[in-house]
Amino acid sequence: MSTSPSVPAPPRHIAIIMDGNGRWAASKGLPRIAGHERGAESVRTVTRECAALGVQFLTVYAFSTENWKRPKTEVDALMGLLEHFLHQELPTLMANNIRLRAIGRIHELPPGCRQTLADAIAKTAANTATTLVLALNYSARAEIVDAARSLCTEAAAARLDPATIDDSLFASHLYTRDLPDPDLLIRTSGEMRLSNFLLWQLSYTEIIVTQKPWPDFGPDDLHAAITEFHTRERRFGAL
Ligand code: IPE
Ligand code: IPE
Ligand code: MG
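Analysis parameters
Residues numbered from 1 in each chain as written. Chains lettered and ligands numbered in written order. Predicted model: local features only at pLDDT ≥ 70, side-chain atom pairs only at ≥ 80, totals over all residues. Heavy atoms only, no water. Helix = DSSP H or I, 4+ residues; strand = E, 2+ residues; numbered from the N terminus. Rg over C-alpha atoms; globule rule 2.2 N^0.38 Å. Buried < 20%, exposed > 50% of the residue type's maximum accessible area, 1.4 Å probe, protein only. Contact = heavy atoms within 4.5 Å. Areas by Shrake-Rupley, 256 points an atom, 1.4 Å probe, with all protein chains shown as cover. Phe/Tyr/Trp six-rings, centres within 6.5 Å; stacked < 30°, edge-to-face > 60°. Near = heavy atom within 4 Å. Polar contact = N/O pair within 3.5 Å; in protein donor to acceptor, adjacent residues only side chain to side chain. Nonpolar A, V, L, I, M, F, W, Y, C, P; charged D, E, K, R; others polar. Salt bridge = Lys/Arg side-chain N within 4 Å of Asp/Glu carboxyl O. Pairing = 2+ DSSP bridges. Axes fitted to C-alpha atoms, helices over the stretch in contact; angles between N-to-C directions.

> Quick question: what am I supposed to make of the overall build of the chain here?
A count of helical and extended segments in the chain gives seven helices and six strands. Helices and strands in the chain line up, N terminus first, as β-α-α-β-α-β-α-β-α-α-β-β-α. Whereas a compact globule of 239 residues would reach a radius of gyration of roughly 18 Å, the chain reaches 18 Å, a difference of no more than 12%. Principal-axis analysis of the C-alpha atoms gives the chain an extent of 55 × 45 × 35 Å. The buried share among the 239 residues of the chain stands at 49%. Within the chain, contacts between residues at least 6 apart in sequence are counted, and of these 77% link residues at least 24 apart. Element-wise, carbon and sulfur atoms account for 55% of the exposed surface of the chain, whose accessible area totals about 11,700 Å².

> Whenever I open this one, the packing of aromatic side chains confuses me. Can you help?
Aromatic ring pairs are reported here in terms of the distance separating the ring centres and the angle at which the planes meet. Applying the stated criterion across every chain, the model contains eight aromatic pairs. With a centroid separation of 5.9 Å and an interplanar angle of 80 degrees, the aromatic rings of Y61 and Y138 are classed as edge-to-face. Remark: Y138 occurs in strand β4 (residues 131-138) and Y61 occurs in strand β2 (residues 57-64); sequence separation between them is 77 residues. Look at Y61 and you get buried, because its relative accessible area is 7%. Residue Y138 is classed as buried on the basis of its relative accessible area, which comes to 0%. When the centroid spacing of 4.9 Å and the interplanar angle of 75 degrees are considered together, the rings of F63 and W68 count as edge-to-face. For F63, a relative accessible area of 2% corresponds to the buried category. With relative accessibility at 34%, the residue W68 sits in the partly exposed group. The structure contains a cluster of three or more aromatic residues connected by ring pairs, namely Y61, Y138, Y175 and F197.

> Can you help me understand the site of ligand 1 in this one?
Within the structure, ligand 1 sits among M18, D19, G20, N21, G22, R23, R32, H36, A62, N67, R70 and L78. With respect to ligand 1, the backbone of G22 contributes an N or O atom lying 2.9 Å from an oxygen atom. In the complex, 86% of the free accessible area of ligand 1, which totals 380 Å², lies under the protein chains. If one sorts the elements of the shell around ligand 1 by residue count, helix α1 (residues 21-27) sits on top with three residues. Here the residues of the shell around ligand 1 sort into three nonpolar, five polar and four charged.

> Would you explain the pattern of salt bridges in this entry?
For the structure shown, the criterion picks out 21 salt bridges. In this structure, the salt-bridge partner of D178 is R101, at a minimum N-O distance of 3.0 Å. In this pair, D178 is assigned in the loop between α6 (167-171) and β5 (184-187) and R101 in strand β3 (residues 99-103), connecting sequence segments 77 residues apart. A relative accessible area of 48% means that D178 is categorised as partly exposed. Classification of R101 by relative accessible area gives buried; the value is 15%. R193 is paired through a salt bridge with E191; the nearest N and O atoms lie 3.6 Å apart. For R193, a relative accessible area of 48% corresponds to the partly exposed category. On the basis of relative accessible area, E191 is assigned to the partly exposed category, the value being 22%.

> Is there a simple way to explain the sheet that holds strand β6 (residues 206-209) in this structure?
Paired through their backbone hydrogen bonds, the strands of a sheet run either parallel or antiparallel. Strand order in the open sheet made by the six strands is β3-β4-β2-β1-β5-β6, with parallel pairing throughout. Strand pairing shows two members of the sheet lacking a second neighbour, β3 and β6, which therefore form its edges. Taken pair by pair, the neighbouring strands of this sheet meet at an average axis angle of 20 degrees, ignoring direction. Examined bridge by bridge, strand β1 (residues 13-17) and β5 share four bridges and lie parallel to one another. Within β5, the position partnered with I17 by the bridge is R187. Helix α3 (residues 72-95) rests against β2, β3 and β4 of the sheet, and its axis sits at about 165 degrees to β4. Along the sheet, helix α4 (residues 111-124) makes contact with β3 and β4, crossing β3 at roughly 135 degrees.

By themselves, these are just geometric observations and shouldn't be taken as functional.
In structure tokens form, the structure reads like this:
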């Protein structure tokens, strides 16, 4: 844990598009899965650093609904890595008072992953420091579609008057219903796009794109992003 006194108070909620594992591996002549393994190490160190800094929520994009289009060997390896990560990390989550959550169509994950995930979420449910939110089989469009379906179901059963739907009621049907919107979004590996991540929630989030691939991203890069975040003037549409 390295809490530098030069780092200002952290944003309440940091979201990360963890990209570049494959390119990191290719640049070293390694198979893509080696990049994902090193990427899991970065999740570990960055989560611990967020807890040390007092970040309340950290949401990381770990697997998108579009990532199923990758070769089966890579998808299977990612699912195996997720299970391994959850088993290995549980004691550290407990030791650091970190609560685990997941967003996405979790019911579509392989049964072993679902079970391990449910177990880790249950065991960490009463922890009160940082909440680590894993976006798994996540797509923002799917999330918005699921929210629309849920609202329509309520309306069709006459439990909801459509005229009462506003921003906050809509948001209460998203997977993130009990999370504040992210203050800071970090994307590693240089791509200037959102790739279907938190489209609703990122409306007024400050965005920082770093060229570093995710396996090389560490506490110093997190500190630098937080420092840059503090130079931004957030106006939320006002003067
Ligand atoms: C991010 O790294 C991890 C996942 C999307 C699961 P990538 O696997 O996308 O790595 P690049 O972008 O191909 O380098
Ligand atoms: C976004 O990265 C998804 C995750 C980090 C899990 P991708 O590598 O899948 O995104 P694109 O394909 O570059 O847009
Ligand atoms: Mg990528």
